[in-house]
Structure formats: structure tokens, C-alpha cells
Amino acid sequence: MKEFGMQAYFVNIPSKFIGADGVTMWLLYSGNFSLDQNEKPHPVNPPGGHYGMTFQKIELLRTQSSGTARGSD
Amino acid sequence: MNPELMNRTTTICLLSALFFVTAYQAQITGENRSKAWTDPEVARQEDPDFTIQGEYGSAGAGASLGVQVVALGNGRFDAYLLQDGLPGLGWTREKSRTVWKGLRDGEKVIFTSADKKVAATLLGGTLRLAGEDGKHSTLPRIERTSPTLGAKPPKDAVVLFDGSSAEQWENGKSEKGFLLATGCTSKQRFGDYTLHLEFRTPYKPTARGQQRGNSGLYHSGRWETQILDSFGLDGNDNECGGIYSISKPRLNMCLPPLAWQTYDVEFTAAKFDPSGKRAAWPRITVRLNGVSVHEDLELAKDFTTSAPITKPLDGPEGPLFLQDHGNPVVFRNIWIVPGKLAAHLPGAEPQTADLKPEIFRFDPFTWPSEIPQDCPFERSGAFRAIRFLGVKSGFRYGDTWYPSWAENDILYSPWTDGKTKRLDGYTDWSQSWVDPVHITTGQGVIIGDDPLKLVAYSIGLDRKRTGSTAIGKSSPP
């Protein structure tokens, strides 16, 4: 999650939105309280993040499960 | 010439010269003091000082310095240096406030500090400050507008002036869509109410004190919230935002002259027992340009200075009154919501969008499970990565939501900063960047089982909590 943000805060996972499988859930956070830096827009990562209330649907990939690292998707 | 005659002649000449000079100065002074611009475009064309006066710094919180430049006429200025930013964005009364004197030379203004050193220059809308280390810093000119400017009247509001007619006012007169400060009184009387009013003071750079764009808004015809061009000044009870002779504003939130400004007022009328004896004084909460300057203040006297109603307080209701102080102050967009106040807190504004979440989709991707070197927790061995599944939901209001799941299946959450819509058609506005005593924390709910179909809204503001998320503090329990 090194690239998370660049302004992301109050990160939490509401227990109501954790799926029955225990690994699919919704990540809740706020982000990007200032709109730019040196007149350039802040990067937004993951896409769609913004000031206010952002929910991202995520899946935690188990160590033994299949999956690929970022860059190969 | 006879020496006595020469002395008399000299005396007469000196007296005549003195009379002429005095008369000339009086004429000049009188002309200057009466000069009032009421149109910003005309002021811009006729007086180069008009576009120099104003605010310099950042329009957001977190600045180290804000500067308010006040025009004094004929190329002279005062610059007020405010620690931690402009009022409402960082500066509070306990922080430093320094004044520099400025003099315009052509298009450039040179400011000198108390020790007569050149401290800053202003040219082309940029204030350039000399630092102790020989380096310079710059502050751009900004123009702030009230967040409640243009607020539309709710469906249960009484519109007192919308630009079309002054018929709601005794002695009211409208001109060019503005209500004039003619000493007019609302025809209706009110008890409890929430009021929105917009006003504009003239640009009178050579005038001083109470002669500089004076008017007033009287509640129940008795208690005055002052209207005055007091941009940059101390913020006393007889200046803009003050409750005349009762309380000075928490901050001087007055904007420069000829800027439209807002009063958002929550007024709780005096209470009387069945025998007619007063049981409680009225109370008032005032926002000037969107920032709280009085919070639930008791108005513990029958009336304030120059009130149109001066008999002892004998009832809960009274009219609004807009004072004529001989200055061309104008008003627009005046509406009032009578009745109980809870549903119409200051800052509330008509809802313009529904409560559906904003959905965004993107290509899924995976981030490896990595933790910072200084992370106090061990990296979990159970998970190797987090995959973002390419769908986002949420709302662009409030901030810092962190909900708890209640027995009734609703998520309850505090939120702080920004505006969050409410179910009743209004919007709550929370601020954390004001001083620790006056911040508010929003309380909200998130309803629904599917994050793509959630309904989220504010259920009110908590005004009793102190502390500031902006500076990482919280109040003791």
C-alpha cells in the first residue's frame, strides 16, 4: 500500500461490509483534502478516491491463493 | 510704511492665509470623507488603491501567515500580519497581529515595519515579504466569498427581500435590485427565527471608524448586530460582527468593502412566565461570512444603542430593523425561517442533490502486502496482497467517516469538516480548523446493505466537543 493516497486517512473496514468469505470487503477512507500541490493535481490512488467518504471494494489475497502482483493486471 | 500699520497688515495677511488654509483643508477633508464608492467596477476604475486593498495569503487552512491590507485613502495603507493565516482560516485572537504602514509609489506599495525598515513590497497583486535571512516570501491576493452567499430560502421561509420589491418593509426602498439602508422595519414580527441576510458596505477609504460604511441589523427592533466596514480592524463590539455594547465578535470576519457579505443568525426569543415576567433573555448565534462569531450568546439587556424600540422588554416578538446611518449600505437576499431552530442551524442551505452514492469503476489491480519499516505491527503471514476490485462508492461530503454498526443495522459515524446533506433538505457544515472552543463535529448515518446503494446523511452537529483534528488535539474527557 505504499502508493495509497497520496492523501488518505481515517482508513477503516466497517464490519458490516465484510463478506461471508472473510476476505472480500469494503475499505472506507477519506482522501485528498487539498486539491493540488504546486498547482498540480494530487495523484489519486486507487482510482476514484476523493474528499469525503470513499468506499473501495477489496479482496485480501491469501498467501497460498493465486493472484498476481500489481503491474501484471 | 508705518510700522504699526505694517504689523496690522501682516497680522491680517497671516490670519487670512490661515483662514484660507484651514478652509481649504476642511473642504478637502470634507470631500474626501464624503467620497463613497458603491460600485466595485467604478471604484476599480477611479481609485488604484481599491484593487490593492484586500486579503493576501492562502484561501485554505494551514498557512503560516495571512495579511489584510486596508486602504486609508490617497495611496496610504495599513497591513495587518496575522499569525497562522487569515481570520477563519487560522488566526485567532490569542495569536500575533502586527501592523505595517504602506505608501503607494506609482503601482508599487512599500510597507515599513515599526522600526522603519522596509518590510514588504506589493506589486501586481503579490505581496513580497523580506525575510530575516535575506530570502523573500510571497503572498498572492485572494478574494474570499462567504460559503452561504446566495443561499436559497427553504420552502418554509418568509422572503423579506428578493430584489423585486421592498413591500415587506415599512419605509423600505429598493434600487437596482438592492434594499437600501433607509431605516426600514419589517412589517412582520418574529419570535424565534433563523435569518439569512446579505449586505455590502461602500468603499470609503478616507473615512474612519463609525463613518466607514455604517448600518446595523436589529433583532426584534432592539439588539444590533453591527454592519460596518471594519475590515482588518480589531473586531470590537461596535464593529462588524459585534453585538453593539454587549459582545465583540470572536473573530473579525469582515471582508473588504464592496464585497458581498452574509449574516446567518439563529435567534431565540426571550421567554416569559404566565404572569408576563421575563423568565429568560433572548439568545443569539451569529455567523458572519460563514464563520461563527457568537455562539448562543445571551442578550441580557432591553436594547442596544440607537435601537428603534427602547421600552422595557415585554414580549417575545419584534420586527427586524435595518439602520440608516447615513451610509450607502445595501442589502439583498433576505429571508427568515420563523419558529423552532433545531432544523435550521446556521450554514444550512437548500439541498441540491439526492443522497445516492457516487459510483466509479476502474480496472482491478493488486498491491503486494508490504508494511513500512517503522510499522509497530508484524506483517501478517496469512495474506500476500490486497486486490482492488475496480469499484468505488461513496459521497463527496463530510470527511473522516469511521462508522460503528448498531443493533438497528444502521452505521453511525462522526464526521468532521465540510458540508454533509441532511434528510430535511438542508446541509450541515462542520469546521475543525477554527479555534478549539468553536469547532463542531458532525454526526451521520450510513444506511443500507449494499455499498453501491447506500444512503448517507448528517443527523446534526455536536457543538459541545472541543479539540481540533486539524492540530491533532482532543479535549480531556
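This is a predicted model, so every value here is computed, not measured.

J.: Got a sec to walk through the overall build of chain A? Specific residues and values, please.
T.: Helix and strand content of chain A: zero helices and five strands. Secondary structure of chain A in N-to-C order comes out as β-β-β-β-β. The proportion of buried residues among the 73 residues of chain A is 42%. A sequence separation of at least 24 residues applies to 49% of the contacts in chain A between residues at least 6 apart. Of the roughly 3900 Å² of accessible surface on chain A, a fraction of 54% belongs to carbon and sulfur atoms.

J.: An account of the side chain of Arg144(B) is requested, with residue identities and associated values reported.
T.: Residues and elements named next belong to chain B. Its place among the elements puts Arg 144 in the loop between β8 (136-142) and β9 (158-161). With a relative accessible area of 17%, Arg 144 lands in the buried category. A distance of 2.8 Å separates the side chain of Arg 144 from the backbone oxygen of Pro 87, its partner in a polar contact. Not counting chain neighbours up to four residues away, the residues in contact with Arg 144 comprise Glu 55, Gln 68, Leu 86, Pro 87, Leu 89, Met 253 and Leu 255.

J.: Summarise the sheet that holds strand β27 (residues 404-405) of chain B; cite the residues concerned and give the values.
T.: Sheet strands associate in pairs through backbone hydrogen bonding, adopting either a parallel or an antiparallel arrangement. Residue and element names in this part refer to chain B. Judged by pairing direction, the sheet is antiparallel, and its four strands sit side by side in the order β27-β28-β31-β32 without closing on themselves. Edge strands, defined here as strands with exactly one partner in the open sheet, are β27 and β32 (455-462). With two bridges connecting them, β27 and strand β28 (residues 411-415) associate as antiparallel partners. When the bridges of β28 are listed, Ser 404 appears paired with Tyr 412.

J.: Which residues make up unusual backbone geometry, and what are the values?
T.: With omega at 0°, the peptide bond leading from Asn45(A) into Pro46(A) counts as cis. Tracing the chain through its elements places Pro46(A) in the loop between β4 (40-41) and β5 (53-62). Positive phi is not limited to glycine here, since Lys176(B) has a value of about 55°. Along the chain, the position of Lys176(B) falls in the loop between β11 (174-175) and β12 (178-180). Of note, the phi angle at Asp409(B) is positive, near 75°, even though the residue is not glycine. Following the sequence through the fold, Asp409(B) ends up in the loop between β27 and β28.

J.: So, the confidence of the model for chain B: which residues are in play, and what are the values?
T.: Residue and element names in this part refer to chain B. Taken residue by residue, chain B gives an average pLDDT of 84. The fraction at 70 or more is 85%. Here residues 341-353 is a poorly scored stretch, pLDDT under 50, and it has 43 contacts once near neighbours within four places are set aside; other chains count. Across residues 466-477 the pLDDT falls below 50, and counting only partners more than four positions away or on other chains, this stretch makes 17 contacts in the model. The ipTM, which scores confidence in the relative placement of chains, is 0.87 for this predicted complex, and the corresponding pTM is 0.62.

J.: Residues and numbers for the packing of aromatic side chains, please.
T.: Under the criterion given, the structure shown has 20 aromatic pairs over all chains. Taken together, Phe4(A), Tyr29(A), Phe360(B), Phe362(B), Phe365(B), Trp367(B) and Phe388(B) form an aromatic cluster joined through their ring pairs. Lying over the aromatic face of Trp260(B), Arg332(B) brings its terminal NZ or CZ to 4.0 Å of the ring centre.

J.: With reference to specific residues and values, describe the state of the cysteines.
T.: Residues and elements named next belong to chain B. According to the stated counting rule, one finds zero disulfides over all chains in the structure shown. Looking at Cys 240, it has no disulfide partner, and the nearest cysteine sulfur is the one in Cys 254, 4.1 Å off. For Cys 240, a relative accessible area of 0% puts it in the buried group.

J.: Describe the nonpolar core, with residues and values.
T.: In this structure, Trp169(B), Leu179(B), Tyr263(B), Leu322(B), Phe331(B) and Ile334(B) are the most contacted members of the largest nonpolar core, which totals 50 residues. Here the element with the most residues in this core is strand β14 (residues 193-200) of chain B; it accounts for four residues.

J.: Lay out the pattern of salt bridges in plain terms, naming residues and giving numbers.
T.: Taken as a whole and judged by the stated rule, the model has 17 salt bridges over all chains. A salt bridge links Asp409(B) to Lys16(A); its shortest N-O distance comes to 3.4 Å. Of the two residues, Asp409(B) is situated in the loop between β27 and β28 and Lys16(A) in the loop between β1 (8-12) and β2 (24-31); the pairing between them involves two chains. A relative accessible area of 32% places Asp409(B) in the partly exposed class. As a salt-bridge pair, Arg283(B) and Glu298(B) come within 3.9 Å of each other at their nearest N and O atoms. Of the two residues, Arg283(B) is situated in strand β20 (residues 283-288) and Glu298(B) in strand β21 (residues 291-298); the sequence distance between them amounts to 15 residues.

J.: Before we move on, can you summarise the pairing of β28(B) with the specific residues and values?
T.: Residue and element names in this part refer to chain B. Here β28 shows one buried face, formed by Leu 411, Ser 413 and Trp 415, and one open face, formed by Tyr 412 and Pro 414. Of the pairings in the sheet, the one linking β28 to strand β31 (residues 441-447) comprises five bridges and is antiparallel in character. Looking at the pairing, Leu 411 lines up with Ile 446 of β31.

J.: I'd love a proper account of the sheet that holds strand β3 (residues 76-83) of chain B, names of residues and values included.
T.: Residue and element names in this part refer to chain B. Read around the closed barrel, eight strands run β1-β2-β3-β4-β5-β6-β7-β8, paired in antiparallel fashion. On average, adjacent strands in this sheet sit at an angle of 25° to one another, irrespective of strand direction. Bridge count between strand β4 (residues 97-105) and strand β5 (residues 108-112): five bridges; the pairing is antiparallel. Note that in β5 the partner of Asp 105 across the bridge is Lys 108.

J.: Can you break down the interface of chain B and chain A residue by residue, with the values?
T.: Contacts between the two partners involve 45 residues from chain B, matched on the other side by 43 residues from chain A. When the two sides are added together, the surface that chain B and chain A hide from each other amounts to roughly 3900 Å², 65% of it contributed by carbon and sulfur. The interface formed by chain B and chain A holds two salt bridges in total. Counting every contact that joins chain B to chain A gives 20 residue pairs in polar contact (both at pLDDT 80 or more). Breaking the side of chain B that touches chain A down by element, the ones donating at least two residues are β25 (365-368) and β26 (383-395) of chain B. With 13 residues, the single largest contributor to the side of chain B that touches chain A is β26(B). Residue composition of the side of chain B that touches chain A, grouped by class: 25 nonpolar, ten polar and ten charged. Both β5(A) and β26(B) contribute to a ladder of nine bridges, which runs antiparallel. Of the residues in β26(B), the one forming a bridge with Ile58(A) is Phe388(B).

Basis of the calculations
- Residues numbered from 1 in each chain as written.
- Chains lettered and ligands numbered in written order.
- Predicted model: local features only at pLDDT ≥ 70, side-chain atom pairs only at ≥ 80, totals over all residues.
- Heavy atoms only, no water.
- Helix = DSSP H or I, 4+ residues; strand = E, 2+ residues; numbered from the N terminus.
- Buried < 20%, exposed > 50% of the residue type's maximum accessible area, 1.4 Å probe, protein only.
- Contact = heavy atoms within 4.5 Å.
- Areas by Shrake-Rupley, 256 points an atom, 1.4 Å probe, with all protein chains shown as cover.
- Polar contact = N/O pair within 3.5 Å; in protein donor to acceptor, adjacent residues only side chain to side chain.
- Pairing = 2+ DSSP bridges.
- pLDDT = per-residue confidence, 0-100.
- Phe/Tyr/Trp six-rings, centres within 6.5 Å; stacked < 30°, edge-to-face > 60°.
- Lys NZ or Arg CZ within 6 Å of the ring centre and 35° of its normal.
- Disulfide = S-S within 2.5 Å.
- Core = buried A, V, L, I, M, F, W, Y, C linked by side-chain atoms within 4.5 Å.
- Salt bridge = Lys/Arg side-chain N within 4 Å of Asp/Glu carboxyl O.
- Axes fitted to C-alpha atoms, helices over the stretch in contact; angles between N-to-C directions.
- Buried area = accessible area lost by both parts, 1.4 Å probe.
- Nonpolar A, V, L, I, M, F, W, Y, C, P; charged D, E, K, R; others polar.

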